[in-house]
Amino acid sequence: SAEKRVRIAGRQHLANISQRSKLRTYIKNAFSSITAEKEEAKTDLIKAIKEIDRAASKGVIHKNQAARRKSRLTKKLNAMAQ
């Protein structure tokens, strides 16, 4: 039973690493679009928020961390608009 949990934990760990990497890519793309003040900054932000929510729902990141990341990206986008 313990050996099975080790195998399962290993598979979940690999899936979480992949999901976290994907999340970082979306956040990085949104951040670079916002700082460069590109036209597609809003669409990149929406994609990043969807990916953040997906990671939080799967338990890859904590829900408070998800809220914090979304808030920071949105604040940067709003600051760019002004």
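Every chain is numbered independently, its residues counted from 1 as its sequence is written. Thresholds applied to this predicted model are a pLDDT of at least 70 for local features of residues and 80 or more for the giving and counting of side-chain atom pairs; totals over whole chains, interfaces and linings are not thresholded and use all residues. Only heavy atoms go into the side-chain values, all of them from the structure, while hydrogens and water stay out.

J.: Please set out the overall build of the chain residue by residue, giving values where relevant.
T.: On a plain count of helices and strands, the chain comes out with three helices and zero strands. All radius of gyration figures rest on C-alpha atoms, and the globule criterion is 2.2 Å times the number of residues raised to 0.38. Relative to a compact globule of 82 residues, whose C-alpha radius of gyration would be 12 Å, the chain shows 16 Å and is clearly more extended. Dimensions of the chain along its principal axes, counting C-alpha atoms only, are 60 × 20 × 15 Å. Accessible area is worked out with a 1.4 Å probe on protein chains only. A residue is then buried under 20% of its type maximum, exposed over 50%, and partly exposed in between. Burial status across the chain gives 23% buried among its 82 residues. The criterion used for residue contact is that any of the two residues' heavy atoms lie within 4.5 Å. A separation of at least 24 residues holds for 61% of the contacts in the chain among residues at least 6 apart in sequence. Numbering of helices and strands runs from the N terminus, with a helix taken as a DSSP run of H or I at least four residues long and a strand as a DSSP run of E at least two residues long.

J.: Account for the environment of Ala-48, naming residues and giving values.
T.: Here Ala-48 shows up in helix H2 (residues 41–58). Counting along the chain gives 14 residues from Ala-48 to Ile-34, while the straight-line C-alpha distance between them is 12 Å. Residue contacts for Ala-48: discarding those within four places in its chain leaves Tyr-26, Ile-27, Ala-30 and Leu-73.

J.: Explain the pattern of salt bridges to me, and be specific about the residues and the numbers.
T.: Salt bridge criterion: a side-chain nitrogen from Lys or Arg within 4 Å of a carboxyl oxygen from Asp or Glu. With the rule as written, the count across this model stands at three salt bridges. Across the pair Glu-51 and Lys-22 runs a salt bridge whose closest N-O atoms are separated by 4.0 Å. Residue Glu-51 is found in helix H2, and its partner Lys-22 is found in helix H1 (residues 2–35); the two are separated by 29 residues along the sequence. The exposure class assigned to Glu-51 is buried, which follows from its relative accessible area of 2%. Put simply, Lys-22, Glu-51 and Arg-54 are held in one network by salt bridges that share partners.

J.: Give a description of the packing of H1 against H2 that names residues and reports values.
T.: Fitted lines through C-alpha atoms serve as axes, helices being fitted only where they are in contact, and the angles separating the N-to-C directions of these axes extend from 0 to 180 degrees. Between H1 and H2, whose axes approach to 8 Å, the crossing angle comes to 155°. Relative to H2, the element H1 is oriented roughly antiparallel. Where H1 crosses over H2, the handedness of that crossing is left-handed. Contacts from Gln-19, Lys-22, Leu-23, Tyr-26, Ile-27, Asn-29, Ala-30, Ser-33 and Ile-34 of H1 reach H2 at Ala-41, Asp-44, Leu-45, Lys-47, Ala-48, Glu-51, Ile-52, Arg-54, Ala-55 and Lys-58. Each residue is assigned to one of three groups, with Ala, Val, Leu, Ile, Met, Phe, Trp, Tyr, Cys and Pro labelled nonpolar, Asp, Glu, Lys and Arg labelled charged, and all others, Gly among them, labelled polar. Partitioning the contact of H1 with H2 into residue classes produces 10 nonpolar, three polar and six charged. For classification purposes, an angle smaller than 35 degrees is called roughly parallel, one larger than 145 roughly antiparallel, one from 65 to 115 roughly perpendicular, and anything else oblique. Crossings are assigned a handedness: left-handed for a near helix turned anticlockwise from the far helix by less than a right angle, right-handed for a clockwise turn.

J.: Quick rundown of the side chain of Asp-44? Include the residues and the values.
T.: Inspection of the secondary structure puts Asp-44 in helix H2. Only four residue types enter the charge count: Lys and Arg as positive, Asp and Glu as negative, with His and the chain ends excluded. It is Lys-47 that comes nearest to the buried, bridge-free Asp-44 among opposite-charge side chains, at 4.6 Å.

J.: Give me H1: which residues, what numbers.
T.: Between the first and last residue of a helix there are one fewer steps than residues, each counted as 1.5 Å, and that sum is the expected span. Compared with an ideal rise of 1.5 Å per residue, which puts 34 residues at 50 Å, H1 spans 48 Å between its outermost C-alpha atoms and is within 8% of the ideal. One or two positions beyond H1, positive phi appears at Glu-37, with a value near 55°.

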